[in-house]
Amino acid sequence: MENVEKTKLRLLREAVQNNIEGVRSPRPKARARRKGVLTLWLWGGLLVATLGYLLAPGHGVSKGSAPATADAKVESVASPAPLDDPILEPEAPLPTPRPLNRAVVPLAIRRIVIDAGHGGHHTGAIADSGLSEKEVTLDIALRLRRLIGNGAFEVIMTRQDDRTVSLAKRVEFANSSRADLFVSIHVNWLEPRNIRALETFYVGPTDDPAVMKLASLENHDSGYSLADYRRILEKVYIDERRDESRELARSIHTELYRELRQVNTKLENRGVKTAPFAVLIGTQMPAILAEVSCLSNHDEVELLSDGNYREKIALAILRGIHRYSNNFNIYVKKGT
Amino acid sequence: MEDTNETMCVGIDLGTSRSAISASNGERHVIDSYVGWPVDMVARKLVKKPVLVGREALENRAMLDLRRPLERGIIKEGSEKDEEAVQELLRHLISLIGIKQKGKNRPKVRAVVGVPAEAFRVSRQRLRGAMEGIADSVMLVSEPFAVAYGLEALLHAMIIDIGAGTADFCVMQGRYPTEDDQRTLTTAGDFIDEQLSKFIKENHSEAQFSIHMVREWKEKWSFVGQPKNRVVVIAPAKGKTAELDITEEMRIACESILPPVCETMIDLLSRVAPEYQEKVRNNIIVAGGSSLISGLSEALEKALQEPGGGRVTVVRDPLFAGSDGGLAIARDASTADWEKLSL
């Protein structure tokens, strides 16, 4: 057996190499990333194709193949993907996406999907007062659409009234509409009930039990198990769309927190996080899910019952979208 | 590598609750991971500083925009203020070992920063960015690896580093740990605080207390299993001072992290090559602030009985095990290595 000094030397060399690799492949600068939006769409398509392939019967991650329990969670992290799957074959990595010269194809945010969470039979969380998540999310979504009006963006909505729309339908709608951004509005329920927190999510895996629980609740009617999502996400971790989604999440979250804490001084900033929500996984464009308030908290329910507060939420989301959009440098008005 | 007057090696353990630094000049410090800015002119006049860090920030929190910028050991996203707070924290740690920010005689700082495995994976660039202007070269390593390196527990060992934000697991098999060798759980010290706070509220509804008080109580009297003494704390209730017996609440809250910790420990063990599993089972090392929970090593050993028994030891100096390990790495790395890692 080699002695400790030799082992240390080897480990040190590996640690340095690991860091050097990190330095050589830095997180893309914001501008460089945005140049790759078209490429990103292509990769998004590939991602969806991969998901579709994986979720098809007989491809290892079919519905019901693993129970969505804590045990399954651990298992799914550690288990390698089936090696007979040509798409997931580790020895055949996908080519590195190359940034697109923007002079060739002007890029801009034109069409935004506003997704009012829940609806119809899916009420979402319900406050003691009877105020339901589906009512609040729809109201905020409609306000947001009004605020955008005939401005810079075209708005399309996954629902405009109190109707049941499955998560899969929402994803399909956003993708077929060739939208540039997807913004999903939800309201949280957190224990203990004195918590009043703001958190915004973009696609990615999570080890946070609270987020896992939230994701499993929000994904209730998706048809996929959380273990399926987690396994898939392990493979799409380096998706470029993720970076754009994170930027969008950060922009919207920053504006929401800035706006709302002025009147909701005890609001807790839980930051931007990753989570395997169905609508974030399936959509092909940069996508976020904002939990804008807590129906579990009595004070927040009072605030949410006030139209002015809901207007503030809509306004903050709009500002966040503008903030993200402005970073593109190119600002193309609808119809131009 | 030899230390010179021109270089200073440091190991930093960047934690959610506490951050520690160990330097090649012999200085070692641990601070609370809090940063606060005076909320207005009056507060600024009272605290007499533009920014407060550590215990000082915590004690003056009423006058400050107080930040605990490392959520689960990762720089919080979505808040520029939290990014700034991380930089202030790092700047303060470096100043504690006697390094000035600028000046002709300022040595080159070579820093090894230990972070949770999850942070290592997702926010490596953000952490490197935060070190710009503070250190000259930076190497990021996973926290349990730093602990293992410092203790020379490099082969057939498991490190469980339980901090405030995360519990990091790492099996050392004589190689640089890969993702398969590591796990990160978010059920750690902060989770205990939340549970304890909830249970006290349920059982002592009239008592008034803050999360900071709960954290202090836990740090003094945390335990799993049988209590050595009753845990009695003092808190205001209805305008008067009241004594609260929170022994049972403390036990239940502290034991709430045992199931995921034990499950992860055994799961990682089961992935070790069969011929080495017994060796690893008998070489489990617990580090981090939460390793100070009384009775923890015994509880983990009890969980190991089913797969054949094992031995769990708590590091002698849990608060500095990570930063000391980082310092050992920093010292052993060659000048050529450091040049490759310059900022």
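Residues numbered from 1 in each chain as written. Chains lettered and ligands numbered in written order. Predicted model: local features only at pLDDT ≥ 70, side-chain atom pairs only at ≥ 80, totals over all residues.

Novice: Just give me the short version of the overall build of chain A, but keep the residues and values in it.
Specialist: Counting its regular elements, chain A contains 12 helices and 6 strands. Taking all 336 residues of chain A together, 46% fall into the buried category. Looking at chain A alone, contacts between residues at least 24 apart form 84% of all its contacts between residues at least 6 apart. (Helix = DSSP H or I, 4+ residues; strand = E, 2+ residues; numbered from the N terminus. Buried ≥ 20, exposed ≤ 12 C-beta atoms within 10 Å, placed from the backbone. Contact = placed C-beta atoms within 7 Å.)

Novice: Which residues make up the overall build of chain B, and what are the values?
Specialist: In terms of regular secondary structure, chain B is built from 14 helices and 17 strands. Within chain B, the proportion of its 343 residues that are buried is 53%. Once local pairs closer than 6 in sequence are excluded, the contacts in chain B between residues at least 24 apart make up 70%.

Novice: Can you break down the sheet that holds strand E2 (residues 18–23) of chain B residue by residue, with the values?
Specialist: All names here are of chain B. Taken in spatial order, the 5 strands of this open sheet run E3-E2-E1-E9-E10, and their pairing is mixed. Sheet topology places strand E3 (28–32) and strand E10 (137–142) at the edges, where each strand pairs with a single neighbour. Strand-to-strand twist of the sheet, defined as the mean angle between neighbouring strand axes without regard to direction, takes the value 20°. As paired elements, strand E9 (residues 108–115) and E10 share 6 bridges and run parallel to each other. When the sheet's bridge partners are listed, Val-112 is paired in E10 with Met-139. Those strands touched by helix H6 (residues 143–151) are strand E1 (7–13), E9 and E10, and its axis lies near 95° from that of E10. (Pairing = 2+ DSSP bridges. Axes fitted to C-alpha atoms, helices over the stretch in contact; angles between N-to-C directions.)

Novice: Tell me about the sheet that holds strand E4 (residues 197–203) of chain A, and name the residues and values.
Specialist: Residues and elements named next belong to chain A. Strand order in the open sheet formed by 6 strands is E2-E1-E3-E6-E4-E5, with mixed pairing between adjacent strands. Edge positions in the sheet fall to strand E2 (154–157) and strand E5 (268–275), since each has one partner strand and no second. Averaged over neighbouring strand pairs, the angle between their axes works out to 20° when direction is ignored. Pairing of strand E3 (residues 181–188) with strand E6 (residues 287–294) involves 6 bridges; the strand directions are parallel. Bridge pairing in E6 places Phe-182 opposite Ala-287. Its contacts with the sheet place helix H5 (residues 133–148) against strand E1 (111–116), E2, E3 and E6, and it is angled at close to 140° to E3.

Novice: Tell me about unusual backbone geometry, and please be specific about residues and values.
Specialist: Only a minority of non-glycine residues have a phi that is not negative, and only a minority of peptide bonds are not trans. With an omega dihedral of -5°, the bond running from Glu191(A) to Pro192(A) counts as a cis peptide bond. Tracing the sequence through the fold places Pro192(A) in the loop between E3 and E4. Phi is positive for Lys48(B), close to 60°, though the residue is something other than glycine. Tracing the backbone shows Lys48(B) in the loop between helix H1 (41–47) and strand E5 (52–53).

Novice: I'd love a proper account of helix H7 (residues 189–203) of chain B, names of residues and values included.
Specialist: Residue and element names in this part refer to chain B. Spanning 15 residues, H7 covers 21 Å between terminal C-alpha atoms, matching the ideal 21 Å at 1.5 Å per step. Among the residues making up H7, those that are buried are Gly-189, Asp-190, Phe-191, Ile-192, Asp-193, Gln-195, Leu-196, Ser-197 and Ile-200. Against helix H8 (211–221), strand E15 (240–245) and helix H9 (247–255) lie the buried residues of H7. (Expected span 1.5 Å × (residues − 1).)

Novice: Describe the pairing of strand E14 (residues 232–237) of chain B, listing the residues and the values that go with them.
Specialist: Alignment of E14(B) against E15(B), held across 6 bridges, turns out to be antiparallel. Across the sheet, Ala237(B) pairs through a bridge with Lys240(B), a residue of E15(B).

Novice: Residues and numbers for the nonpolar core, please.
Specialist: Core analysis: the largest hydrophobic core is formed by 107 residues, its most contacted members being Val10(B), Ala111(B), Met139(B), Ala148(B), Ile159(B) and Ile329(B). When residues no more than four places from it in sequence are discounted, the contact partners of Met139(B) are Ala15(A), Val16(A), Asn19(A), Val112(B), Ile329(B), Ala333(B) and Leu341(B). Core analysis: the next-biggest nonpolar cluster, separate from the first, contains 64 residues, Ile114(A), Phe201(A), Leu248(A) and Ile281(A) among them. (Core = buried A, V, L, I, M, F, W, Y, C linked by C-beta atoms within 7 Å.)

Novice: How would you sum up the confidence of the model for chain B? Please name residues and give values.
Specialist: Summing up the model confidence of chain B, the mean pLDDT is 88 and the portion of residues at 70 or higher is 93%. ipTM for the predicted complex: 0.82, alongside a pTM of 0.55. (pLDDT = per-residue confidence, 0-100.)

Novice: Hey, could you go over the confidence of the model for chain A for me, with residue numbers and the actual values?
Specialist: Residue and element names in this part refer to chain A. On average, residues of chain A carry a pLDDT of 71, and 62% of them reach 70 or more. The model gives residues 26–106 a pLDDT under 50, and that stretch makes 103 contacts with residues more than four places away or in other chains. Long-range and interchain partners of residues 329–336, a stretch whose pLDDT sits below 50, account for 15 contacts in this model, where long-range means more than four residues apart.

Novice: Can you tell me about the environment of Arg331(B), naming the residues and giving the values?
Specialist: Residue and element names in this part refer to chain B. Here Arg-331 shows up in helix H13 (residues 321–332). For Arg-331, a count of 16 C-beta atoms within 10 Å puts it in the partly exposed group. Residues Arg-331 and Ala-23, spaced 308 residues apart in sequence, show a C-alpha to C-alpha distance of 9.7 Å.

Novice: With reference to specific residues and values, describe the packing of H7(B) against H8(B).
Specialist: All names here are of chain B. Between H7 and H8, whose axes approach to 9 Å, the crossing angle comes to 110°. Taken together, the axes of H7 and H8 lie roughly perpendicular to each other. Along the contact surface, H7 presents Ile-192, Asp-193, Leu-196 and Ser-197, while H8 presents Ile-211, Val-214, Arg-215 and Lys-218. Within the contact of H7 with H8, the residues separate by chemical class into 4 nonpolar, 1 polar and 3 charged. (Parallel < 35°, antiparallel > 145°, perpendicular 65-115°, else oblique. Nonpolar A, V, L, I, M, F, W, Y, C, P; charged D, E, K, R; others polar.)

Novice: An account of the packing of H6(B) against H13(B) is needed here, citing residue identities and associated values.
Specialist: Residues and elements named next belong to chain B. Relative orientation of the contacting elements H6 and H13 amounts to 70°, with a least axis distance of 7 Å. In terms of their interaxial angle, H6 and H13 are classed as roughly perpendicular. Every residue of H13 that contacts H6 at Glu-143, Ala-146, Val-147, Tyr-149 and Gly-150 is listed here: Ala-321, Gly-322, Asp-324, Gly-325, Gly-326, Ala-328 and Ile-329. Residues of the contact of H6 with H13, tallied by class, amount to 6 nonpolar, 4 polar and 2 charged.

Novice: So, the environment of Pro38(B): which residues are in play, and what are the values?
Specialist: All names here are of chain B. Mapped onto the elements of the fold, Pro-38 is located in strand E4 (residues 35–38). Classification of Pro-38 as buried rests on a count of 20 C-beta atoms within 10 Å. When near neighbours in sequence (up to four residues on either side) are disregarded, Pro-38 contacts Ala-43, Arg-44, Val-47, Met-63 and Leu-64.

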